[in-house]
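# Coordinates in review
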Amino acid sequence: MRLFIGFKPGVGGVVKVMKNNGDDPLTTPNTDYSKFLFNSEAGKIGYIKGFDVEQFNWTYNDQYANFYLPSGTGPESCDKAYAAYGSLQNVYLFPRRKFGRSYPLVTETRLQVALGARNAGPRVSWVPDDTAPNGAKVGRNVSYPTYEMRNERRIGITEGIMDYITLAEAAMIRTSRNAASRKITMITYDLPADEAPIPAGTPAGSGSRSVLINPTTVKVAKGSASVDSGDPDDLIMDSDIVPLKIAKAGREVLAAGQYVDVFPSGPALTTETYVDYMVWPTGGVTAVPQHIPQLSLTDQNYNFEYEIHANKVRLVNNGDRSLTVTYVITRDDGEKTTGGGKVMETLPDGHVRIKRPGSSDTNPTDADVLLDTRLAYMPIIADGYLDASDFNEAASGIAYGDRAKTISFSNDGFIPFLKYYVKRRDRNGNFYAWTSPKTMVLRSEVYDPDGWAGRQASDGTVAVLTDNSVKFHMALGHPHRLEVSTGGSLYTASPVFSNYDKPMGIRYFVFAIPTNL
């Protein structure tokens with residue numbers, strides 16, 4: 001490890017952590033992503049802005065009402081809202097307001113389980129849509145990613161019964177009285193959940209400060225921006241911006257029925273540790289979400305799960321075929337501490353830590369640590385928005401979609417990790433939400449003379465990831481689902497077309513995971 005804090009000619013002040021001592025922080029190209037553990041000059045990093053743990057709230061249990069918090073706020077000014085209807089309750093967060101951004105922020109959700117308990121990962125689900133009189137079915141093989149993301153434009157559950165208010169996007173989860181004890185972790189990234197670009201920082205003139213570290217202040221600017229501009233988008237680090245730290249990342253092959261334990265560095269893990277992963281059949285296509293080209297559910301039985309322990313994460317394959325897993329384990333931010341005087345310190349093992357001014361010197365939490373040379377960070381090496389009209393390439397096959405768009409990037413040896421989100425239509429063709437992607441392959445057990453089975457449904461998307469590119473697919477001309485048609489004694493599969501959930505565009509982020517973490 002090599003830490004450099006100083007002046008780079010032509011740029012200004014920079015903070016760089018090199019993985020190897022032999023790499024020069026001033027001459028190593030910024031595109032050699034695998035050589036950096038941190039690089040303020042690169043500018044784009046996946047920040048976590050907040051962890052929120054939510055569950056059914058009995059205080060806001062009126063069956064037909066909306067509630068806004070803090071008290072006295074309304075739909076245009078609240079940080080949180082509840083919408084209750086019957087036994088259901090929607091919880092809405094407004095991170096755009098909370099963190100002062102002009103655009104909505106990506107918020108992902110995961111079920112929280114106790115340490116050592118098993119958490120479900122992605123599975124293939126057979127969803128019947130219609131049944132013939134003889135019992136044969138038509139439907140879809142459905143695959144979702146490892147996370148959920150839903151940014152709604154409306155507050156409410158059933159229009160006409162209670163307030164159904166259209167407003168700026170809100171991150172939403174649904175709970176119920178029947179699952180009141182279930183806890184959901186909502187993780188907010190400092191990443192745009194819409195078409196907006198990631199702010200790159202405004203270059204400042206000569207004589208400006210790009211790095212400021214003293215007993216009361218820690219500020220590091222993006223690239224050649226100034227820490228004194230007053231614009232939070234110019235900063236890559238300050239006391240309120242805690243970058244997403246990687247405790248462990250890598251790639252493992254799990255044979256059927258096998259598990260592998262991986263051991264993250266740093267303090268003990270907690271229930272809010274975030275385990276992210278991509279899963280695909282070993283030797284097959286690296287698809288996100290995991291792809292389902294076969295028509296029989298048993299042809300690809302995915303059953304990936306994981307456990308979080310205090311000192312390890314166990315990756316488990318309960319399916320009947322070998323899986324390859326790329327995983328990222330990130331530390332929760334915990335609670336901020338007080339009472340200390342150190343800002344930068346050398347640890348007993350020789351590593352260096354920079355923490356918030358005033359935080360505890362003896363027991364700082366992840367929320368206090370701004371930079372730790374034992375931990376890596378996730379640079380974003382490609383990102384953008386693709387409108388549906390940009391998809392002008394041939395698809396890789398009907399199981400992927402009917403059109404595609406490829407994004408290429410250079411790779412000096414890192415592991416690419418993809419996240420993307422889908423802008424969706426309602427039944428009338430109007431934008432209503434951003435959601436996580438889903439793969440939905442049409443399936444038929446009845447006569448299918450037109451060959452609809454095996455096609456990606458119109459609301460499905462598939463991204464095929466390689467070391468140097470990602471090829472996104474849409475299926476806008478395919479049916480939404482199938483239904484059974486009866487002609488005498490012959491039952492056939494007929495297409496049903498719909499705008500519902502049909503993609504309007506894709507917002508994507510490709511992260512570079514340094515190897516050997």
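What comes next is a walk through the structure. (Residues numbered from 1 in each chain as written. Predicted model: local features only at pLDDT ≥ 70, side-chain atom pairs only at ≥ 80, totals over all residues. Heavy atoms only, no water.)

## What to know about the overall build of the chain
The helix and strand inventory of the chain stands at one helix and 37 strands. In terms of C-alpha radius of gyration, the chain reaches 24 Å, essentially the compact-globule figure of 24 Å for 517 residues. In terms of principal-axis extent, the alpha carbons of the chain reach across some 85 × 55 × 45 Å. Each of the 517 residues in the chain was classed as buried or not, and the buried ones make up 57%. For the chain, contacts bridging at least 24 residues in sequence account for 67% of all contacts bridging at least 6. (Helix = DSSP H or I, 4+ residues; strand = E, 2+ residues; numbered from the N terminus. Rg over C-alpha atoms; globule rule 2.2 N^0.38 Å. Buried < 20%, exposed > 50% of the residue type's maximum accessible area, 1.4 Å probe, protein only. Contact = heavy atoms within 4.5 Å.)

## Some words on the pattern of salt bridges
Taken as a whole and judged by the stated rule, the model has 28 salt bridges. Residue Glu307 pairs with Arg118 through a salt bridge whose shortest N-O separation is 2.6 Å. Of this pair, Glu307 sits in strand S21 (residues 303–308) while Arg118 is found in strand S9 (residues 118–131), placing the two residues 189 residues apart along the sequence. When its relative accessible area of 38% is taken as the criterion, Arg118 is described as partly exposed. Among the salt bridges present, the one from Asp402 reaches Arg403, with a minimum N-O distance of 2.9 Å. Linked by salt bridges that have partners in common, Glu108, Arg110, Asp276 and Lys419 make up one network. (Salt bridge = Lys/Arg side-chain N within 4 Å of Asp/Glu carboxyl O.)

## Focus on the sheet that holds strand S1 (residues 2–8)
Ordered by their spatial adjacency, three strands build an open sheet running S1-S2-S3, and the pairing between neighbours is antiparallel. Single-partner strands in this sheet number two, and they are S1 and strand S3 (36–39). With strand direction ignored, the average angle separating the axes of adjacent strands in the sheet is 15 degrees. (Pairing = 2+ DSSP bridges. Axes fitted to C-alpha atoms, helices over the stretch in contact; angles between N-to-C directions.)

## Here's the deal with the sheet that holds strand S34 (residues 469–474)
With respect to topology, four strands assemble into an open sheet ordered S20-S33-S34-S29, the strand pairing being antiparallel. Each of the sheet's edge strands pairs with one partner strand only, and the pair in question is strand S20 (287–288) and strand S29 (403–408). Bridge analysis of S29 against S34 gives six bridges, and the strand direction is antiparallel. When the bridges of S34 are listed, Lys405 appears paired with Phe472.

## Side note on the pairing of strand S10 (residues 137–143)
Where a strand is regular, its side chains alternate between the two sheet faces. Burial of S10 is extensive: six of the seven residues sit out of reach of the surface. Pairing between S10 and strand S32 (residues 439–444): six bridges, direction antiparallel. Pairing of Val142 across the sheet is with Met440, part of S32.

## Points about the environment of Phe414
Relative to the helices and strands, Phe414 resides in the loop between S29 and strand S30 (415–425). Among the residues examined, Phe414 registers a relative accessible area of 3% and is labelled buried. A sequence separation of 67 residues divides Phe414 from Arg481, and the C-alpha atoms of the two residues are 39 Å apart. Setting aside anything within four residues of it in sequence, one finds Phe414 in contact with Tyr33, Ser34, Ile381, Phe409, Ala512, Ile513 and Thr515.

## Topic: the nonpolar core
Grouped together as the largest cluster of nonpolar side chains are 65 residues, with contacts concentrated most on Phe38, Leu418, Tyr420, Phe472 and Tyr508. The dominant element in this core, judged by the number of residues it contributes, is strand S37 (residues 503–513), at eight residues. Apart from residues lying up to four places away in sequence, Phe472 is in contact with Leu386, Phe391, Arg403, Ala404, Lys405, Ile407, Leu418, Tyr420, Val462, Ala463, Ile506 and Tyr508. In terms of nonpolar packing, the next biggest core, distinct from the first, is built from 18 residues, Val260, Leu269, Leu315 and Ile329 among them. (Core = buried A, V, L, I, M, F, W, Y, C linked by side-chain atoms within 4.5 Å.)

Bear in mind that shape data such as this cannot, by itself, settle questions of function.
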